[in-house]
Amino acid sequence: MEPSFAEDFPYSLYRSTVPTMTYEEYRPFIARFQEFVEPDVVPISKVNNLFAPGLPAFVAHSSGTSGGLPKWFAKYGLHPNGKRTCCAVMENVGPKISDGTICAIGSYLSKKVLMLTDPNGETVTRIPVCPVSTGTARVHSGREVSRDRSLRLLKGPNLTSPFAVLFIQNFKTFMIMNILFALADRQLACISCVFATVFRDFYRIMEENWDLLIHSIEIGVIPDLEGLDDLKEHLQVCLPPSNPRRADELRAVGRDTATDGWMKRLWPNLRRIVATTSGAYATIVPEVCPCVIHLGSDIEIHGMGITATESYYALPYHSLDAERYRLSEGDDFVEFLPLGEDREPSLLRPPWEVVAGESYEIFLTTHDGLWRYAVGDIVTVVGFDPKDGQPVIRFTGRTSGDFRLQHTVIPEKEVIDAIRAAQTYTGAIAEFTATADFRKLDVCHGFFIELHNELGPEACLAPEIVKAHLCSANFNYAKDIEGGRVGPPTVRVVRKGTFMEYREWKITQMGTGLVQTKVPIVTWDKEMVAWLEERVDTEL
């Protein structure tokens, strides 16, 4: 019997007749949400039943990491079968803990709130434009933007931070408040965030503001920080009163994040970190592990799933496996295009036709109105789930992360692998980005890196190691080097904390989500490059 894409719609017909799409085909329709009759006011007749029945629960905006303005996507909340992967992701973000509390680092801030009006100009509903993590959390918990003012007065069960923290706009203040309420709670069992970089920012900011945090816990007073404004009184109500005993306990542990088991000493009950640690975020793990290991008993690091703005289309194959994912059954439909093939509709393969060991570009058909959409993710099929045969995949990169220079396209994975190879000589690399380096006559592949600790004694060999790795992995790059079409790669070391400062700068500049802003693997943003060049400590 032929597989069906939907009821009475054979997949072979769908495969041969429905074209692929990119954001350019989607843009004219989503633009209706930006055709204001007044600022942020949209007639409901323009957008009702646009991508799916009814109105979206929210409009998700991307972080703009790939360059250009953030993209908008209408998101319709729960679909009729009630099995959206976002629910499973939210269960990963906020696991059920019976004997402890959770520090869930999230934000409810919106870029704007759209007012949808009827023919008489009366407001029918309000829809936030926000990061997908924010919108998903709202849908999952039923917290609409109309309730925000009353929500600021509350604190959820088993959560360390009151809801008022969700509305802080200043990034540094937002992080300090999450840390303060977490430190005040000795029963903390889980720290949850979207990306591993957020977790690293969490403990670096803790270290930088240690004395302020301990003093606030000791006297039971919220400090005066930028951006608190009228939220401070709601936060003060939720902070435990003067607690010198807890302050002394924390002082005895100290602020040295490099000490083995440091976090376990701060929170004896801590046993789980939830964050994305695959792909480019894997470089964070070597820095994180020394902080969480204690007497041979590790705090578990749990993955979240593949959380693209367009769709949460895959979940961790195992909660402790940061590399492998399985497709979400009964949710959005995933198709696979073999790498190197043209984007012809007939060449896309359904999950039951993929081959283990092969790499593919992902295309999505979603309940939110995307059809055969090129999401830009590249995955490798590593096997199949014995329970139901669903493909098990490894995320290997983004098409937007490919490094295109002269005659060569270097895939994102090869860029990441080259940086990992250089770590043998530089010391562990916390974060990096790559760009074209035009400072010399021969353009070359340039890398900005930030280290976990001190520069290694043989760090000067790093550029040669990067070149050797890329030449070995990429024939065209080797020919470009040999023919003098590109110069040897450059490696510049930026001061510690630079990429955290970049995220803060990007949030302020673009108004992107507090916990969604990412550092691109490859950037062509001249403003970002100039900003990084001002923070270079040394060139190898």
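Residues numbered from 1 in each chain as written. Predicted model: local features only at pLDDT ≥ 70, side-chain atom pairs only at ≥ 80, totals over all residues. Heavy atoms only, no water.

(A) Structural detail: the overall build of the protein chain. Across its full length, the protein chain carries 18 helices and 23 strands. By the burial criterion, 55% of the 540 residues in the protein chain qualify as buried. For the protein chain, restricting intrachain contacts to residue pairs at least 6 apart in sequence, the fraction spanning at least 24 positions comes to 66%. Here the protein chain displays about 23,400 Å² of accessible surface, and carbon together with sulfur accounts for 51% of that area. (Helix = DSSP H or I, 4+ residues; strand = E, 2+ residues; numbered from the N terminus. Buried < 20%, exposed > 50% of the residue type's maximum accessible area, 1.4 Å probe, protein only. Contact = heavy atoms within 4.5 Å. Areas by Shrake-Rupley, 256 points an atom, 1.4 Å probe, with all protein chains shown as cover.)

(B) Representation of the sheet that holds strand β6 (residues 101-104). Strand order in the open sheet made by the four strands is β6-β9-β10-β11, with parallel pairing throughout. Either end of the sheet is taken by a strand with one partner, and the two such strands are β6 and β11 (300-302). Ignoring which end each strand starts from, the neighbouring axes of this sheet average 20° apart. In the sheet, β6 pairs with strand β9 (residues 188-195) via four bridges, with the strands oriented parallel. If you follow Ala 104 over to β9, its bridge partner there is Ser 192. The sheet contacts of helix α8 (residues 196-208) involve β6, β9 and β10 (272-276), and relative to β9 the element is tilted by about 125°. (Pairing = 2+ DSSP bridges. Axes fitted to C-alpha atoms, helices over the stretch in contact; angles between N-to-C directions.)

(C) Molecular detail of unusual backbone geometry. One non-glycine residue, Asp 40, lies in positive phi territory at about 65°. Position of Asp 40 among the secondary structure elements: in the loop between α2 (23-30) and β3 (41-43). The class for Asp 40 is partly exposed, based on a relative accessible area of 21%. Look at Asn 49: it is not a glycine, yet its phi comes out positive at around 55°. Examined against the element boundaries, Asn 49 turns out to sit in the loop between α3 (44-47) and β4 (58-61).

(D) Looking closely at the pattern of salt bridges. One pass over the full model with this rule turns up 29 salt bridges. In this structure, the salt-bridge partner of Asp 201 is Arg 503, at a minimum N-O distance of 2.8 Å. Residue Asp 201 is located in helix α8, and its partner Arg 503 is located in helix α17 (residues 498-510); the two are separated by 302 residues in the primary sequence. Using a relative accessible area of 1% as the deciding quantity, one classes Asp 201 as buried. A relative accessible area of 3% means that Arg 503 is categorised as buried. For Asp 385, the salt bridge goes to Arg 326, with nearest N and O atoms at 2.8 Å. Of this pair, Asp 385 sits in the loop between β16 (373-384) and β17 (391-398) while Arg 326 sits in strand β13 (residues 324-327), and the two are 59 residues apart along the sequence. You'll find Asp 385 and Arg 326 in the same group, each marked buried. (Salt bridge = Lys/Arg side-chain N within 4 Å of Asp/Glu carboxyl O.)

(E) Quick look at the pairing of strand β14 (residues 333-338). Most of β14 is tucked away: six of the six residues are buried. Residues Phe 333, Glu 335 and Leu 337 point to one face of β14 and Val 334, Phe 336 and Pro 338 to the other, with burial holding for every one of them. Where β14 and strand β15 (residues 359-365) come together, six bridges link them in antiparallel fashion. Bridge pairing in β15 places Val 334 opposite Leu 364.

In short, geometric facts, not functional conclusions.
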